[in-house]
Amino acid sequence: QVQLVESGGGLVQAGGSLRLSCAASGRTFSSYAMGWFRQAPGKEREFVATISWNGGTTYYTDSVKGRFTISRDNAKNTVYLQMNSLKPEDTAVYYCAGSSNTYSSSRLYEYWGQGTQVTVSS
């Protein structure tokens, strides 16, 4: 069992940066691939990025490539999402999630955090 708690969201101007953190409880964190998803009002939850259990493999959705970076520190049981050059269309609730592999489908993730709001003003 893994429990996930996101933090680091907030209000930022377009072009600014935020770093989201996702702290995990449980000794098995390092065995899970981790992902970040987001959901804007009136839209479906969408994949943002994922990272393998050892950090050696990462994938991103096209709209964030070159702007967002996913990373993890297994010693701290934490996964991060560094978001640079933020745009108003990045506004959403961001969720971290745990899975057995680096999937892009939310249906394949077992564990979810409660989400953190990111708002980018123009």
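Placed above this text is the structure.
Residues numbered from 1 in each chain as written. Predicted model: local features only at pLDDT ≥ 70, side-chain atom pairs only at ≥ 80, totals over all residues. Heavy atoms only, no water.

What to know about the side chain of serine 99
For serine 99, the position within the fold is in strand 9 (residues 92-99). Residue class for serine 99 comes out buried when judged on its relative accessible area of 0%. Here leucine 108 takes part through its backbone oxygen, which lies 2.7 Å from a polar atom of the side chain of serine 99. Setting aside anything within four residues of it in sequence, one finds serine 99 in contact with Tyr32, Ala33, Leu108 and Tyr109. (Helix = DSSP H or I, 4+ residues; strand = E, 2+ residues; numbered from the N terminus. Buried < 20%, exposed > 50% of the residue type's maximum accessible area, 1.4 Å probe, protein only. Polar contact = N/O pair within 3.5 Å; in protein donor to acceptor, adjacent residues only side chain to side chain. Contact = heavy atoms within 4.5 Å.)

Digging into the sheet that holds strand 1 (residues 3-7)
Working definition: the strands of a sheet are paired by backbone hydrogen bonds and lie parallel or antiparallel to each other. Taken together, the four strands give an open sheet; going across it, the order is 1-3-8-7, and neighbouring strands pair in antiparallel fashion. Looking along the sheet, the strands with just one partner apiece sit at the ends: strand 1 and strand 7 (68-73). Here the average twist between neighbouring strands, direction ignored, is 15°. Pairing between strand 3 (residues 18-25) and strand 8 (residues 78-83): six bridges, direction antiparallel. Counted as the bridge partner of leucine 18 is methionine 83 from strand 8. (Pairing = 2+ DSSP bridges. Axes fitted to C-alpha atoms, helices over the stretch in contact; angles between N-to-C directions.)

Notes on the nonpolar core
Counting 28 residues, the largest nonpolar core has Trp36, Leu81, Met83 and Tyr94 as the members making the most contacts within it. Listing elements by their share of this core, those giving two or more residues are strand 3, strand 4 (33-39), strand 5 (46-51), strand 7, strand 8, strand 9 and strand 11 (116-121). In terms of residue count, strand 3 provides more of this core than any other element does, four residues in total. (Core = buried A, V, L, I, M, F, W, Y, C linked by side-chain atoms within 4.5 Å.)

Brief notes about the pairing of strand 4
Buried residues dominate strand 4, accounting for six of its seven residues. The pairing of strand 4 with strand 9 spans seven bridges and is antiparallel. Residue pairing for strand 9: arginine 38 is matched across the bridge by tyrosine 94. Bridge analysis of strand 4 against strand 5 gives five bridges, and the strand direction is antiparallel. Within strand 5, the position partnered with methionine 34 by the bridge is isoleucine 51. Count of turn residues in the strand 4/strand 5 antiparallel hairpin: six residues, of which glycine 42 carries a positive phi of about 75°.

Digging into the environment of leucine 20
Note that leucine 20 resides in strand 3. Once the C-alpha coordinates of leucine 20 and arginine 38 are considered, the two residues, 18 residues apart in sequence, prove to be 12 Å apart. In contact with leucine 20, not counting residues within four places along its chain, are Ser7, Gly8, Gly9, Trp36, Val79, Tyr80, Leu81, Met83, Tyr94, Thr116 and Val118.

Let's talk about the side chain of glutamate 6
On the secondary structure map, glutamate 6 appears in strand 1. Here glutamate 6 is buried and forms no salt bridge, its nearest opposite-charge partner arginine 45 lying at an N-O distance of 7.6 Å. Engagement of the side chain of glutamate 6 in a polar contact is seen with the backbone nitrogen of cysteine 96, the distance being 2.9 Å. At 2.9 Å, the side chain of glutamate 6 forms a polar contact with the backbone nitrogen of glycine 115. Ignoring anything within four residues of it in the chain, the contact list for glutamate 6 reads Ser21, Cys22, Trp36, Tyr94, Tyr95, Cys96, Gly113, Gln114, Gly115 and Thr116. (Lys, Arg positive; Asp, Glu negative; His and termini not counted. Salt bridge = Lys/Arg side-chain N within 4 Å of Asp/Glu carboxyl O.)

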